[in-house]
Amino acid sequence: MGIDPVRYRVEELADRCGVTVDTVRFYQSRGLLPRPQREGRVGWYSRTHVERLERIRDLKNRGFSLGLIARIVSGELDPSEEALALALAGPLPGEGVVGGAQETMTLDALAVRTGASRTLLEALKREGLLIPRGDEEDPYTAEDARAVEAGLTLLEAGVPLSELLALARDHDEAMRGVAEHAVELFARYIRDPLQQSEDPEAPQRMVAALEAMLPAADAIVRHHFRRRLIAAASARLADGAPARALDADDAEGRRAG
């Protein structure tokens, strides 16, 4: 195979593809873009690099994270896994869609949208209450905005921030295990059998199953948590202990713990 006569320096490649030189080098560091051919101190890029950068841009526009893009361009994902990744990258049930596209925003835009400070949002993110979608530039959605607004409602009602963050930690720990178990069930009983079946429609069937399971699992978890919340509140009322005594007992328990 001969040498490609069309060659670019890194600045020319970046200009040709509408990205910055730092972006080109960042993609190289992440394994998304091959290294250039070196001639002395100069690195030369080819049409292959242009095509790869265009492919990366297309995948980012479709909602893929850089981690998934790296697996796609390296050929690690089969067609069924790529179809699942695309379904997960798009709008999920209940998330805001504007003009046929998912509404996304940065952390700063989320702060403006909700009226919450960036410091508060970063604290919620650290505690697992605010979870970005992948590692895209705009990883938050209208659904995240509604969740933040719900948290602000609790703060405005008088719940201390420290207690809200503690609740977030407890919830995240419990939900992480439930989510991982649900994914394992999907992989074991749906994805793996379809992959082994050699069914040409396996990718479409996987996506259909995923789109049916996500809202179903969400409804089950929401319903169960709501019922548990109501049951716990009712039990507390039925106990009949004065509020101040209960608060004192709680404080004593925390000191003892």
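Just above, that's the structure.
In this convention, every chain numbers its residues from 1, walking through the sequence in written order. Under the rules for a predicted model, residues below a pLDDT of 70 receive no local features and side-chain atom pairs below 80 are neither given nor counted, while totals for whole chains, interfaces and linings still include all residues. Side-chain figures throughout are based on the complete set of non-hydrogen atoms in the structure, without hydrogens or water.

Student: Before we go on, may I ask you to explain the overall build of the protein chain in this structure?
Tutor: Labels follow the DSSP assignment, with helices taken as runs of H or I lasting at least four residues and strands as runs of E lasting at least two, numbered in each case from the N terminus. Scanning the protein chain from terminus to terminus reveals 11 helices and 6 strands. For each residue, the accessible area found with a 1.4 Å probe, counting protein chains only, is set against the maximum for its type, and the residue is called buried under 20%, exposed over 50%, and partly exposed in between. Every one of the 257 residues in the protein chain was classed for burial, and the buried ones make up 29%. Long-range contacts, defined here as pairs at least 24 residues apart, represent 58% of the contacts in the protein chain between residues at least 6 apart. Here a residue-residue contact requires only that any non-hydrogen atoms of the pair lie within 4.5 Å.

Student: How do you make sense of the pattern of salt bridges when you look at a structure like this?
Tutor: Close approach of charged atoms lets side chains of opposite charge pair. Salt bridges are defined as contacts in which a side-chain nitrogen from Lys or Arg sits within 4 Å of a carboxyl oxygen from Asp or Glu. As enumerated under the stated definition, the model contains 15 salt bridges in all. Among the ionic pairs, Arg146 bridges to Glu143, the shortest N-O distance being 2.7 Å. Taken as a pair, Arg146 and Glu143 lie in helix 8 (residues 142-156) at a separation of 3 residues, close to a single helical turn. Residue Arg146 is classed as partly exposed on the basis of its relative accessible area, which comes to 40%. Asp218 is the partner of Arg222 in a salt bridge, and the nearest nitrogen-oxygen pair spans 2.8 Å. With a gap of 4 residues between them, Arg222 and Asp218 both fall in helix 10 (residues 202-239), about one helical turn apart. Each of the salt bridges in this network shares a partner with another, and the network as a whole consists of Glu143, Arg146, Asp218 and Arg222.

Student: What is the right way to read the environment of Val178 from this model?
Tutor: By the secondary structure assignment, Val178 is in helix 9 (residues 161-197). The class of Val178 is partly exposed, set by a relative accessible area of 40%.

Student: Just checking my understanding: could you explain helix 3 (residues 47-61) for this structure?
Tutor: Given 3.6 residues per turn, any residue in an α-helix points the same way as the ones three and four places further on. Over its 15 residues, helix 3 extends 21 Å from the first C-alpha to the last, a length consistent with the 21 Å expected when each residue adds 1.5 Å. Here helix 3 has its buried residues at His49, Val50, Leu53, Ile56 and Leu59. Contact partners of the buried residues in helix 3: helix 1 (10-17), helix 2 (21-29) and helix 4 (66-73). In protein, a polar contact means a hydrogen-donor-capable atom and an acceptor-capable atom, both N or O and within 3.5 Å, with residues adjacent in sequence counting only if both atoms are side-chain atoms; elsewhere, any N or O pair within 3.5 Å suffices. Among the residues of helix 3, the N-terminal cap falls to Ser46, whose side-chain oxygen and the backbone nitrogen of Thr48 are separated by 3.2 Å. Residue count minus one, scaled by 1.5 Å, sets the expected span of a helix.

Student: I keep staring at the packing of helix 1 against helix 2 and nothing clicks. Help me out?
Tutor: Between two packed helices, the angle of one axis relative to the other and the distance separating the axes together describe the packing. Axes here mean lines fitted to C-alpha atoms, for a helix over just the part in contact, with angles spanning 0 to 180 degrees between N-to-C directions. For the pair helix 1 and helix 2, interaxial distance at closest approach is 8 Å and the crossing angle is 100°. One finds that helix 1 runs roughly perpendicular with respect to helix 2. Within the contact between the two elements, helix 1 uses Val10, Glu11, Leu13 and Ala14 and helix 2 uses Val21, Val24 and Arg25. Gly counts as polar in this scheme, as do all residues outside two lists: the nonpolar Ala, Val, Leu, Ile, Met, Phe, Trp, Tyr, Cys and Pro, and the charged Asp, Glu, Lys and Arg. Classifying every residue of the contact of helix 1 with helix 2 by side-chain character gives 5 nonpolar, no polar and 2 charged. Working definition: roughly parallel below 35 degrees, roughly antiparallel above 145 degrees, roughly perpendicular at 65 to 115 degrees, and oblique for all remaining angles.

Student: Looking at this structure, how should I read the nonpolar core?
Tutor: Across soluble globular proteins, nonpolar side chains show a tendency to be buried alongside one another. Leu13, Val24, Tyr27, Leu32, Leu53 and Ile69 are the most contacted members of the largest nonpolar core, which totals 22 residues. Tallying contributions element by element places helix 4 first for this core, with 5 residues. When sequence neighbours within four positions are dropped, the list of residues in contact with Ile69 reads Leu32, Ile56, Leu59, Lys60 and Phe64. Buried residues of nine kinds, namely Ala, Val, Leu, Ile, Met, Phe, Trp, Tyr and Cys, make up a nonpolar core once their side-chain atoms join them within 4.5 Å. Grouped together as the second largest cluster of nonpolar side chains are 15 residues, Leu110, Leu120, Leu121 and Leu152 included.

Student: Honestly, the packing of aromatic side chains in this entry has me stumped. Any pointers?
Tutor: Each aromatic ring pair is characterised by the separation of its centres together with the angle its planes make. Here the aromatic set is Phe, Tyr and Trp, taking the six-membered ring for Trp, and pairing holds for ring centres within 6.5 Å; pairs whose planes are under 30 degrees apart are stacked, those over 60 apart are edge-to-face, and all others are tilted. Evaluation of the coordinates by the stated rule reveals 1 aromatic pair. Ring geometry for Phe26 against Tyr27: centres 6.2 Å apart, planes inclined by 45°, an arrangement best described as tilted. Exposure remark for Phe26: the relative accessible area of 38% places this residue in the partly exposed category. Two thresholds decide whether a charge sits over a ring: the Lys NZ or Arg CZ must be within 6 Å of the ring centre and within 35 degrees of the ring normal. For the cation-ring pair, Arg7 lies above Trp44, with the distance from its terminal atom to the ring centre recorded as 4.3 Å.

Student: Where do I start with helix 2 in this structure?
Tutor: Burial in helix 2 covers these residues: Val24, Tyr27 and Gln28. Projected down its long axis, helix 2 carries its buried residues within an arc of 105°, all on one side. Of the residues in helix 2, the exposed ones pointing more than 90 degrees away from the buried face are Asp22 and Ser29. Here the buried face of helix 2 lies against helix 1, helix 3 and helix 4. Gly31 sits one or two positions beyond helix 2 and adopts a positive phi of about 80°. The arc under discussion is defined with respect to the helix axis, by the directions toward the C-beta atoms.

Student: How should I be thinking about the environment of Phe64 in this particular structure?
Tutor: With respect to the element layout, Phe64 can be found in the loop between helix 3 and helix 4. The spacing of Phe64 and Ala89 is 25 residues in sequence and 5.6 Å in space, taken between C-alpha atoms.

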